[in-house]
Amino acid sequence: DFSSIVNDDVKFDIKKSYQLDDVASLIYTSGTSGQPKGVMLTHSNLLYELAAGSRKFNITSADSFIVLLPLYHIFAFTTIFLFCTSAGSTLTFVRSLKKSEIFETIKETKTTIVFGVPKLFESIYKGIIEKIDEQSIDKKFLLRTFTLANNITIRIFKKNFGKPRLFQMRRNKL
C-alpha cells in the first residue's frame, strides 16, 4: 500500500544529488517463497552489479544483446538491461520464446551476447543439436572436428581462438 507515501503536492527536483544508499529501482518478484514482494535496489546495488559484471565480461558498444527474460525479472534487469545500456550496446527483445523465432532473431540482429537461466540454455542447446543432426554426415564430422580442436587449444593455451569463427559459422547455419 503506497497511499501513505503518495502526495500530489510533492515536487521532484531532478537536479538533486542522490546518495548511493537511496532506492534506485523497485522490482517485484515472487521470490523463492512464492509470496510477491517488492525488492528495493539502491544505486549502490546497481553500481556493484555493473562493476562486478565489467570485471567478468568484456561488453562493448559493438555487442548486441537479445532479451529472453522479462525486465521485471531481476536477473534480466540488472544483468542484461544495465550492462547493455551502460556499454551502449544494442538491445533486442524477442517476439516470442519459440525456438525458431529466437534463432531467427539471433541471426537477424547478429546477437553477440545471450544471458539467461539454465532452462533457456537447455532449450537453445537442444535446438542447435537438432539443426546439427539435420546436416549431412560430412558437415557433422567437420563441425565435431573443429569443436574438438577448439576444446584442445582452450585446454593448452587457456584461450578460445575459435570462438568468433565457430560461433559465426554455427549462427549462420541456424
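Since the structure is predicted, the reported quantities are computational estimates derived from the model, not experimental observations.

K.L.:
I'm lost on the overall build of the protein chain in this one. Help?
P.N.:
Per the secondary structure count, the protein chain includes six helices and five strands. Along its sequence from the N terminus, the protein chain presents helices and strands in the succession β-β-α-β-α-β-α-β-α-α-α. Within the protein chain, the fraction of its 174 residues that count as buried is 25%. Contacts spanning at least 24 positions in sequence make up 55% of the contacts within the protein chain whose residues lie at least 6 apart. Accessible surface computed for the protein chain: about 12900 Å², of which carbon and sulfur atoms make up 60%.

K.L.:
Looking at this model, I keep getting lost on the sheet that holds strand β3 (residues 64-67). Mind explaining?
P.N.:
Read from one edge of the open sheet, three strands run β4-β3-β5, paired in parallel fashion. A single partner strand is all that each edge strand has here, and the edge strands are β4 (90-93) and β5 (113-114). Relative to β5, β3 runs parallel, the two being bridged by two bridges. Within the sheet, the bridge partner assigned to I66 lies in β5 and is V114. With respect to the sheet, helix α3 (residues 99-109) is in contact with β3, β4 and β5, its orientation differing from that of β3 by roughly 160 degrees.

K.L.:
Would you explain the packing of aromatic side chains in this entry?
P.N.:
Centre-to-centre distance and the angle between the planes together describe a pair of aromatic rings. All told, the structure shown has five aromatic pairs when counted by the stated rule. Seen from their ring centres, F77 and F81 are 5.7 Å apart, and the 20 degrees between their planes marks the pair as stacked. Taken together, the positions of F77 and F81, both in helix α2 (residues 74-87) and four residues apart, correspond to about one turn of that helix. Note on F77: relative accessible area 16%, which makes it buried. Looking at F81, the relative accessible area reads 28%, which means it is partly exposed. Aromatic pair F83 and F115: ring centres 6.1 Å apart, planes at 65 degrees, arrangement edge-to-face. With F83 in helix α2 and F115 in the loop between β5 and α4 (118-133), this residue pair connects regions lying 32 residues apart in the sequence. Summarising the burial analysis for this pair, F83 and F115 share the class buried. Here the aromatic residues F57, F65, F83 and F115 are joined through ring pairs into a cluster of three or more.

K.L.:
Honestly, the confidence of the model for the protein chain in this entry has me stumped. Any pointers?
P.N.:
Regions with low pLDDT should not have their predicted coordinates read in detail. When pLDDT is averaged along the protein chain, the result is 79, and 80% of the positions lie at 70 or above. Per-residue pLDDT, averaged within each element of the protein chain, yields its smallest value for helix α6 (residues 163-173) (48) and its largest for β4 (90).

K.L.:
I keep staring at the environment of I74 and nothing clicks. Help me out?
P.N.:
Here I74 lies in helix α2. The exposure class assigned to I74 is partly exposed, which follows from its relative accessible area of 38%.

K.L.:
What's the story with unusual backbone geometry in this structure? I'm lost.
P.N.:
If a residue is not glycine, its phi is most likely negative; likewise, a peptide bond is most likely trans. The phi angle at K110 is positive, at roughly 50 degrees, despite the residue not being glycine. Here K110 shows up in the loop between α3 and β5. Under the relative-accessibility criterion, K110 is labelled exposed at 55%.

K.L.:
Can you help me understand the nonpolar core in this one?
P.N.:
For soluble globular proteins, nonpolar side chains are generally found buried alongside one another. Formed by 16 residues in total, the largest nonpolar core has its most connected members in I59, F65, F77, I80, F83 and F115. Of all the secondary-structure elements, those providing two or more residues to this core are α1 (43-56), β3 and α2. In this view, F65 contacts I59, I80, F83, C84, S89, T90, L91, T92, T111, I113 and F115; residues no more than four positions away in its chain are not counted.

Parameters at a glance
Residues numbered from 1 in each chain as written. Predicted model: local features only at pLDDT ≥ 70, side-chain atom pairs only at ≥ 80, totals over all residues. Heavy atoms only, no water. Helix = DSSP H or I, 4+ residues; strand = E, 2+ residues; numbered from the N terminus. Buried < 20%, exposed > 50% of the residue type's maximum accessible area, 1.4 Å probe, protein only. Contact = heavy atoms within 4.5 Å. Areas by Shrake-Rupley, 256 points an atom, 1.4 Å probe, with all protein chains shown as cover. Pairing = 2+ DSSP bridges. Axes fitted to C-alpha atoms, helices over the stretch in contact; angles between N-to-C directions. Phe/Tyr/Trp six-rings, centres within 6.5 Å; stacked < 30°, edge-to-face > 60°. pLDDT = per-residue confidence, 0-100. Core = buried A, V, L, I, M, F, W, Y, C linked by side-chain atoms within 4.5 Å.

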